[in-house]
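# Breakdown of the fold
What follows is each chain in one-letter form.
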Amino acid sequence: MTTKIIVPDIGDFENVEIIEILVKIGDKINKNDPIVTLESDKSSVEVPSPYAGKISSLEVKIGDKVSKGAILAIIESDESKISKVQIDKKKEKTELKSEKILPETEQIIKEAESSIPEKPKIEASKKIYSRPNGRDIDPTETQEWLDSLEAVLKKDGTDRAHYLLKKLSDEAYKEGSSRPITRITPYINTIPVELEAKSPGDQNIERRIRSLIRWNAAAMVVKANKKNSELGGHIGTFASAATLYDVGMNHFWRGKNNKFGGDLVYFQGHSAPGMYARAFLEGRLSKNQLGNFRQEVGVDGLSSYPHPWLMPKFWQFPTVSMGLGPVLSIYQARFTKYLINRGLIKDENRKIWAFLGDGETDEPESLGAISLASREKLDNLIFVINCNLQRLDGPVRGNGKIIQELEGIFRGAGWNVIKVIWGSYWDQLLSKDKSGLLIKRMNECVDGEYQAFKANDGSYVREKFFGKYPELKDLVSSMTDRDIWKLNRGGHDPHKVYAAYSEAMKAKGKPTVILAKTIKGYGMGKSGESINITHQQKKLGEEDLLYYRDRFDIPLTDKQVKNIEFYKPDDNSEEIKYLKERRMKLGGHLPERSSFAKSIKKPANDIFESMLKSSGSREMSTTMALVRMLTNLLRDKNIAPRLVPIIPDEARTFGMEGFFRKIGIYAHEGQKYEPEDSEQLSSYREDKKGQVLEEGITETGAMSSFIAAGTSYTNHDLEMIPVYTFYSMFGFQRVMDLIWAAGDSQTRGFLIGATSGRTTLAGEGLQHQDGHSQLLAATIPNCISYDPTFAYELAVIFQDGLRRMHDKQENVFYYLTTMNENYKHPSIPKGSEKGILKGMYLYKEFKNKGKINVQLLGSGTILREMIFAAEILSKEYNIDSDVWSVTSFNELRKDGMTVERKNLLNPTQKPEKSYVESCLNKKDGIIIAASDYMRSFSDQIRPYISKAFYSFGTDGYGRSDSRKKLREFFEVDKEHIVTYTLSALAKEQLIPSTYPDKAIKKYKIDKNKPMPIVL
Ligand SMILES: Cc1ncc(C[n+]2csc(CCOP(=O)(O)OP(=O)(O)O)c2C)c(N)n1
Ligand SMILES: [Mg+2]
C-alpha cells in the first residue's frame, strides 16, 4: 500500500530546514530508519520512518523548510493502519481531558461519601506511657506483647513478624499517631548469632597471616620515616581495618581472569600500606619496593596512595581524596548494570566493594548519591564503612554515635544495613542480659566514651561502662580485667565480618552497607591505640615496635625489630601456601589493573566528511556541529553502541533532545508511563536498553559516570566512548577533583564544555559565563584541550581523539569547548589538519600593500572578531595581516615548554624551534592574540616567541548583556582589536600615533573605564 511519510510533531518548531536526506528512491528501509535530518537553530534531529517498505518517491530536497504534517516521502508499505489508531488514541486523550464531572455524578459521590460510617473518635488518653527516664510503666503488658512477638518469630519467622509490626505501625499512623517507626535499631549487631554464616577458613593461619600483614604495613611506614621524616604515612587506619580487608581477600573478592570479570574493590586510600604488605607476602612486590614506600623518584618505590597513573599495573581506583571513592563506586555499580542491560557484557554477579572511613562520610560526595544506588537497585554494590570512631583530629561524633547516625541515613535511603558492632566475646554477655540493661547501656554510651574505653584498660571499662548499673557490674564480676579487655569489637572479629560479608553477597534489589565498629590504631598500644593523635602516628619508637611484635607474635628477634625488618615466611610455609591458595581459588590477585579490551574500529572517513565542507549560507554553533557529528557517529555500526552520551539535565540547552527518542535514555526499569510528549519526535523515551545517561542535576554524578565509562576498557575489558556534555562553567570549576581523578584513572573520553566563552554565552551572567575552564584544563597533564571555532576543526580534533585513545591506546582524555553562537562555517583550508591538531594554522592572509604586516591570533568565537578586524585593517589602514586560528594555546604551550627545555639541556647543539615559533618566525609583524578566555590563556605562548606580543581576553566577572555589548566591555570585539593593533604598531614606531588616537575617538572607546577585573 502506498503511504505518505510526514513530518511528525516536532514541538515548538516551524519551518525547520532539511539538512540531510538519508534515503534514496528505491531504498528498502525498516521501520524507524531515519529519512531526513531536520535542523532548527537550536537542535538537529532525525525523522524516522513509521513504516517498513520501499521508498517510491521523495517529496523534499536539502534546504527545504518543513513543518509538522509536511510530506517527506512516499513509501510502498503494507502497514498503513497505524496512523488511524494513533489518531483515535489522541482523540480519546483530548476527549478525556475535556470531560467534566456531571452534576448527577457529583450527587452519587456525595451520597456514597455520606454512607461511610464515621469511626468513633479515639479519646486522647491521659495515660503516661513511659517515664522520662525511659523506664517501663507496665512491664507485664510489655511482656505480653514481647511473648506474642516471640511466638510469631518462632512459628512463622522474621518476615511474618516484620509484616505484623508494619501493620501495627500503619494502623497507629491511620489512627493519628504520627510518630514514624525509627530507622535506627538498637546498638547491637544486625545479624543474630544463630543466623551467622560460619567461615570455612582456618582461623589460626588467617590470624597469623593478618599479623604478618599488620607488621609489614607498619614497618613500611616507620622505615620510610626513619630514612626521611618528610615521607609521612599512616599506620593507625590499616591497623583498624586489617580484618575487614583480610576476610574479603581470603574469602570473598574474586579476581579477574579469562573466565570472570572480577570484583571491583575501592580501597580506602590511606590504608594502602596494608595492600602493599599483602602483595609482598603474595610475592607480587619485593622487599626493596616495600623499603621504598613513598619514594617514587628514580627508584622502584611504592606510591603513597592508590594512584593508577603511578602504579598502572596495580591500582585500579584513586580513592584518597575523601568522598571520591564512594561516589565513584556507586556510579561504577550503576555503569556495570548499564552495560549488562544494554547487552554489552554478561551478568556474572560481579560486586563492587567500597571501603570508606567514618570521618569520610562527612564529605557530601560520600553520601550525596546513596539514594541513586537504592533507586537503581544496585545490589551489586557493597559499602564497608570502617567506623573506628576517629578521623584525623579527634572523634567523628564524640557526643553521638556515628554508626547509629549512618544506619538511619542509609536505611532511610533504602539500603540494606548490616551493623557489625560487637565481637564474639560479647555474645555470651548479651545472651545473659535478660533485662535488656546491657543493650540499654550500649545505647546510651556515646562514641567519645567508647574511644576512651579503648584508650584505657579493662579496669577502666569495668568501672565506666559496666559500673554504671550494679546489675551490669554483677554480670562481669567473674571476669578478670584482662577478660574485659578482650571483649572485642565487631570489625576485629573475623567471624562477625565473615557473616556480614556473606549476608551482603546475598542481598537482592538493594545496595548494602556494612557499618563495622573498630579501633583506630588497633594493637598499637599506648603509642597509638584509640588516642586522638593516632591518625598522624607514623613513628614508632623501639619499645612500641617491640610491643607490636609481641602483640602479634611476629617471629623477629629484638635486633631485627630494631632494624625494622620486614618479615616474610618461606614460600613453603603454611601461611604463604594458604594465602596464595585462597587467591588462586578466588581467581587472581587484587588489586590488579589490566586490560584485554579490543580496540574499537575507526569510524569511516565519510562520517566526518560533511563537517569538513562549508555550511554554505547556513549558520550554526559549534555545539550544534558537535551534536550533528555525534548523530553521524551513531550511524557507524562499530562506534554507535560504544558511545555513551552523558548529560546532567541540559540536553535541551545543547540541542541534544533528539537523542532521547533515537537512542533512548537509560532506565533500569524501562518506562512505566506514557510520556506526555509521546507523539513528538523528541519524546522523553526511557528504556532499559537506553544509551543516554541523563543524570539529572549532578555534575558529580555525571563526572563519575564519565570515569566509569572511560575506564571500562580496564574494568570491563570493553572500550567505551563517553561524551560528557555540560555547561562549561559547571565543569572544571565544579568538579575539578573528580577530573583530576579521571586523569589519574587514565580515563579516555571527551569532556565537552558547551556554552563556553565569557562573552559568547551572552545573557546568563556572572555565574555561568566561562572564561577560564581552558586554563583549568591545562593543569591536568593528560588532558588534551581545544577551543575550536569551526565545524571542520572540531571534526579533525574529534577524529584524532578517537585515533589516539582507541587505535593508539593512549591514556589521554579530551576537553573541547563549544559555543552557542551561530555563524557560517567555511570548508577546511587545504593542509590545515596538522596545524589544527598542533594548536594553530594559518587561516587566511589579508594581503594588500605589503608595507606593514601584523599577525592576528584568534581562538574560539573571537577568531571571527580577528577576521573582521583584519578586514578593517586592510581596507581602512592598508595594513596586511595573517590570521591564525589557534585551536589550542594549551597544546602550543606544552610544545613550547618541551622544546625550550630540550634546548637548554643541549647547549652545544643547534636549538630546535617550538611549533609556535616555526609558524611565526617567518612571518613579519607584531603579534596580537585574543580569545574569549582570560589573557593568561593566550599569554601561555609569550615565552616562546621573539616578537612583540600583545594579548587580549576576558579577565573579570561575566555579566548579562548582548554578545556585542559584552565583547565591547571586555575589549575583544573587532573595534578594540583594530584600535589596540594600531596602538601597538605606533608603539613600535611603524605608524604615527594619530592612527590609534583617531580610532579611539571613532569607536568611542572610553579610556577612563577601569580594567574589567575591578568591575
Ligand atoms: C578531601 C580530603 N580532605 C582531607 C584529607 C586528609 N585526610 C586524610 S585521612 C583523613 C581522616 C580520615 O578519617 P576517616 O575517614 O575516619 O578514616 P580513618 O583513617 O579513621 O579510617 C583526612 C582528614 C583527604 N585525604 N581528602
Ligand atoms: Mg575513622
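Everything numeric here is computed off the predicted structure, so don't read it as measured data. (Residues numbered from 1 in each chain as written. Chains lettered and ligands numbered in written order. Predicted model: local features only at pLDDT ≥ 70, side-chain atom pairs only at ≥ 80, totals over all residues. Heavy atoms only, no water.)

### Quick notes on the packing of helix α5 (residues 236-252) against helix α6 (residues 272-281)
Contact geometry of α5 with α6 gives a least axis separation of 10 Å together with a crossing angle of 45°. When the axis of α5 is compared with that of α6, the two are oblique. When you trace α5 past α6, the crossing you get is right-handed. The residues of α6 that touch α5, namely those facing Phe238, Tyr245, Asp246, Met249 and Asn250, are Gly274, Met275 and Arg278. Taken together, the residues of the contact of α5 with α6 sort by class into four nonpolar, two polar and two charged. (Axes fitted to C-alpha atoms, helices over the stretch in contact; angles between N-to-C directions. Helix = DSSP H or I, 4+ residues; strand = E, 2+ residues; numbered from the N terminus. Parallel < 35°, antiparallel > 145°, perpendicular 65-115°, else oblique. Left-handed = near helix turned anticlockwise from the far one by under 90°. Contact = heavy atoms within 4.5 Å. Nonpolar A, V, L, I, M, F, W, Y, C, P; charged D, E, K, R; others polar.)

### Considerations on the packing of helix α37 (residues 974-987) against helix α38 (residues 994-1002)
The N-to-C vectors of α37 and α38 enclose an angle of 160°; their axes lie 8 Å apart at closest approach. The pairing of α37 with α38 is recorded here as roughly antiparallel in orientation. Remark: the crossing between α37 and α38 carries left-handed chirality. When α37 is examined against α38, the residues Thr979, Leu982, Ser983 and Ala986 are found in contact with a partner set consisting of Tyr995, Pro996, Ala999 and Ile1000. Among the residues forming the contact of α37 with α38, the class breakdown is six nonpolar, two polar and no charged.

### Quick look at the site of ligand 1
Residues in close proximity to ligand 1 total 18 residues, the closest being Thr237, His270, Asp358, Gly359 and Lys520. One of the backbone N or O atoms of methionine 322 is found 3.1 Å from a nitrogen atom in ligand 1. Here an oxygen atom of ligand 1 and a side-chain polar atom of asparagine 388 are 3.0 Å apart. When isolated, ligand 1 has an accessible area of 580 Å², and the protein chains bury 75% of it. Classifying every residue of the shell around ligand 1 by side-chain character gives three nonpolar, ten polar and five charged. (Near = heavy atom within 4 Å. Polar contact = N/O pair within 3.5 Å; in protein donor to acceptor, adjacent residues only side chain to side chain. Areas by Shrake-Rupley, 256 points an atom, 1.4 Å probe, with all protein chains shown as cover.)

### Description of the sheet that holds strand β22 (residues 813-817)
Taken together, six strands build an open sheet; the order of strands is β18-β15-β19-β20-β22-β21 and the sheet is parallel. This sheet does not close on itself; its edge strands, each paired only once, are β18 (693-694) and β21 (783-786). Judged from the four bridges that link them, β21 and β22 form a sheet pairing that is parallel. Residue cysteine 783 lies in a different strand from β22, and its bridge partner there is phenylalanine 813. Packing against the sheet, helix α30 (residues 791-807) makes contact with β19 (721-727), β20 (750-754), β21 and β22, and its axis sits at approximately 170° to β22. (Pairing = 2+ DSSP bridges.)

### Observations regarding helix α14 (residues 447-455)
Listed as buried for α14 are Asp447, Tyr450, Gln451, Phe453 and Lys454. Buried residues in α14, looked at end-on, bunch into an arc of 155°, giving them a common side. Each element contacted by the buried residues of α14 is listed here: α11 (402-412), α13 (437-444), α15 (458-464), α17 (481-486) and β13 (512-517). (Buried < 20%, exposed > 50% of the residue type's maximum accessible area, 1.4 Å probe, protein only. Arc of directions from axis to C-beta.)

### Considerations on the pattern of salt bridges
Counting across every chain of the model gives 57 salt bridges. A salt bridge links glutamate 503 to lysine 506, with the nearest nitrogen and oxygen atoms 3.7 Å apart. Of the two residues, glutamate 503 and lysine 506 both sit in helix α18 (residues 494-506), three residues apart, roughly one turn of that helix. For lysine 506, a relative accessible area of 55% gives the class exposed. The residue lysine 974 makes a salt bridge to glutamate 975 at a minimum N-O spacing of 3.6 Å. A relative accessible area of 27% means that lysine 974 is categorised as partly exposed. What you see here is one network of salt bridges that share partners, running through Arg210, Asp246, Arg278, Glu282 and Arg284. (Salt bridge = Lys/Arg side-chain N within 4 Å of Asp/Glu carboxyl O.)

### A short note on the coordination of the magnesium ion (ligand 2)
Surrounding the magnesium ion (ligand 2) are the protein donor atoms Asp358 (OD), Asn388 (OD1) and Gln390 (O), which sit 2.0 to 2.1 Å from the metal. When the donor residues of the magnesium ion (ligand 2) are listed from N- to C-terminus, their spacing reads D-x29-N-x1-Q. For the pair asparagine 388 and glutamine 390, one class covers both residues: buried. (Donors = N, O, S within 2.8 Å, 3.2 Å for Na, K, Ca; no water.)

### Focus on the sheet that holds strand β6 (residues 53-58)
The strand order across the open sheet built from four strands is β1-β8-β6-β3, with neighbouring strands paired in antiparallel fashion. Two strands lie at the open edges of the sheet, namely β1 (2-6) and β3 (28-29), each paired on one side alone. Inspection of the sheet shows β6 paired to strand β8 (residues 71-76) by four bridges, in the antiparallel sense. Within β8, the position partnered with serine 57 by the bridge is isoleucine 74.

### Remarks on the packing of aromatic side chains
Per the counting criterion, the structure on display carries 55 aromatic pairs. Taking 6.1 Å as the distance between ring centres and 65° as the angle between the ring planes, the aromatic pair formed by tyrosine 276 and phenylalanine 293 counts as edge-to-face. Of this pair, tyrosine 276 sits in helix α6 while phenylalanine 293 sits in the loop between α7 (287-291) and α8 (324-341), and the two are 17 residues apart along the sequence. Here the basic side chain of arginine 551 rests over the ring of tyrosine 522, its NZ or CZ set 5.2 Å away from the ring centre. Above the face of the tyrosine 713 ring, arginine 748 is positioned so that its terminal group lies 3.7 Å from the ring centre. (Phe/Tyr/Trp six-rings, centres within 6.5 Å; stacked < 30°, edge-to-face > 60°. Lys NZ or Arg CZ within 6 Å of the ring centre and 35° of its normal.)

### A short note on the environment of tyrosine 815
Secondary-structure assignment places tyrosine 815 in strand β22. Among the residues examined, tyrosine 815 registers a relative accessible area of 0% and is labelled buried. Counting along the chain gives 107 residues from tyrosine 815 to alanine 708, while the straight-line C-alpha distance between them is 17 Å. A polar contact is formed between the side chain of tyrosine 815 and the side chain of serine 773, at a distance of 2.7 Å.

### Details of the side chain of aspartate 973
On the secondary structure map, aspartate 973 appears in the loop between α36 (963-970) and α37. Although aspartate 973 lies buried, it forms no salt bridge, and the closest oppositely charged side chain, lysine 964, sits 5.2 Å away as judged by the N-O distance. At 2.7 Å, the side chain of aspartate 973 forms a polar contact with the side chain of histidine 976. Not counting chain neighbours up to four residues away, the residues in contact with aspartate 973 comprise Glu865, Arg967 and Glu968. (Lys, Arg positive; Asp, Glu negative; His and termini not counted.)

### Here's the deal with α30
Over its 17 residues, α30 extends 23 Å from the first C-alpha to the last, a length consistent with the 24 Å expected when each residue adds 1.5 Å. The buried fraction of α30 is high, at 14 of 17 residues. With its phi angle positive at about 55°, glutamine 809 sits one or two positions after the end of α30. (Expected span 1.5 Å × (residues − 1).)

### Overview of a negative patch on the surface
Taken together, the side chains of Asp136, Glu141, Glu144 and Asp147 make up a negatively charged region of the molecular surface. Here aspartate 147 lies in helix α3 (residues 139-174). (Patch = residues over 30% accessible without salt bridge, like charges linked within 9 Å, V, L, I, M, F, W, Y side chains within 5 Å. Charge placed at Lys NZ, Arg CZ, Asp CG, Glu CD.)

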